[in-house]
Amino acid sequence: MSQDWQRLNDEVTALIKEARANVLEKMADPLTVNEKTNRKDLVTNVDKANEQFLIAGIRRIDPTAHILGEEGFGDDLKSLDGRVWIVDPIDGTMNFVKQRDNFAIMIGIYQDGEGQLGYIDDVMNDVLYYGGPQLGGVWANDERLSAPANLALADGLIGASGPLVIHDVAQMHKIIHVSAGMRVYGSAGIEMINIMRGKTLGYISHLKPWDIAAGQILLNTLGVRVSAIDGKPLNMLSSNLVLVATEKAQRDILQIEEDDVSL
């Protein structure tokens, strides 16, 4: 790894630790909660303040970088040219508001469209998952993670978006039926952590760039496939119906999708 990437990793790690401390401090005060698109799509004063804090830190660390942030405090990006940071200040805001648990801070760093470093901070458990091609692996704090077992769909649990299952989007009923069971965590970051830990073998959901940017880098580094539901590469500047799965489970799910199209 070059000295530039090593410096970035060290400084991002420190920035996220400081952001976590800020979030924990603000959780002691009453939250200001607003709806974005509907009553289940929330934003709080902490989401906004944390994104502003992270973006200010990124500007100091990497002044020429472009930044895409969930709450709109970054840049208006039309491409992934150059170095692009994709930031989710609080992933799992409903969990943050209702549970005060099961939420994450996430940053993905891309260079000309290629993922280089990813960070998912499990705030309440105080575990930072980080790594990527520039580090040659993935860590959970000081623990280097091994690739999760390459399970077939029938052999493991799969994370899923509740609305997709309720409305049977993209053959979700059949996918869940073939799997060993479904789990719903309410946070893309927590879902990605469970895949990295081998607790689930995949995840299917509609995701925005900030929901998947960090996880894609970490999971790809561990050999897990991340794609659109049809197996094609993601468009990292728009919303996607995302399929995250082990190689074998991805094969099984794509076969279900293909069989549905051929009927």
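It should be noted that the structure appears before, not after, this text.
Residues numbered from 1 in each chain as written. Predicted model: local features only at pLDDT ≥ 70, side-chain atom pairs only at ≥ 80, totals over all residues. Heavy atoms only, no water.

1. Quick word on the side chain of Gln 216
Basically, it comes down to this: Only runs of H or I of at least four residues qualify as helices and only runs of E of at least two qualify as strands under DSSP, and these elements are numbered from the N terminus. Accessibility here uses a 1.4 Å probe with only protein chains present; expressed as a share of the type maximum, an area under 20% marks a residue as buried, one over 50% as exposed, and anything in between as partly exposed. Here a polar contact means two N or O atoms within 3.5 Å. Within protein one must be a hydrogen donor candidate and the other an acceptor candidate, and residues neighboring in sequence count only if both atoms are side-chain atoms. Contacts between residues were defined by any pair of non-hydrogen atoms, one from each residue, lying within 4.5 Å.
Inspection of the secondary structure assignment puts Gln 216 in helix H7 (residues 209-221). Given the relative accessible area of 11%, Gln 216 is considered buried. A polar atom in the side chain of Gln 216 sits 3.1 Å from the side chain of Tyr 110. Residues contacting Gln 216, with those up to four places away along its chain left out, are Tyr 110, Val 226, Leu 234 and Met 236.

2. Here we look at the sheet that holds strand S8 (residues 137-140)
What counts is decided by this rule: Here, any two strands with at least 2 DSSP bridges between them count as paired. Angles here are taken between N-to-C directions and fall from 0 to 180 degrees, while the axes themselves are lines fitted to C-alpha atoms, restricted in helices to the stretch in contact.
As summarised here, the arrangement of the seven strands in space is S3-S4-S5-S6-S7-S8-S9, forming an open sheet in which the pairing is mixed. The open sheet has two free edges, formed respectively by strand S3 (66-69) and strand S9 (143-144), since each of these has just one partner strand. Relative to S9, S8 runs antiparallel, the two sharing two bridges. Within S9, the position partnered with Trp 139 by the bridge is Arg 144. Lying on the sheet, helix H6 (residues 188-196) is in contact with strand S4 (83-91), strand S5 (104-111), strand S6 (114-122), strand S7 (127-132) and S8; it crosses S6 at an angle near 100°.

3. Some thoughts on the packing of helix H1 (residues 3-26) against helix H2 (residues 45-61)
To be explicit about the condition: Orientation labels follow simple angle bins: below 35 degrees gives roughly parallel, above 145 gives roughly antiparallel, 65 to 115 gives roughly perpendicular, and whatever is left gives oblique. In a left-handed crossing the near helix is turned counterclockwise from the far helix by less than a right angle, and in a right-handed crossing that turn is clockwise. Under the scheme applied here, ten amino acids are nonpolar (Ala, Val, Leu, Ile, Met, Phe, Trp, Tyr, Cys and Pro), four are charged (Asp, Glu, Lys and Arg), and all others, including Gly, are polar.
Their axes nearest at 10 Å, the elements H1 and H2 cross at an angle of 155°. The angle between the axes of H1 and H2 places the two elements in the roughly antiparallel class. Regarding H1 and H2, the two cross each other, and that crossing is right-handed. Across the interface between the two elements, Arg 7, Leu 8, Glu 11, Val 12, Leu 15, Glu 18, Ala 19, Asn 22, Val 23 and Lys 26 from H1 touch Val 46, Ala 49, Asn 50, Phe 53, Leu 54, Gly 57, Ile 58 and Ile 61 from H2. For the contact of H1 with H2, a count of residues per class yields eleven nonpolar, three polar and four charged.

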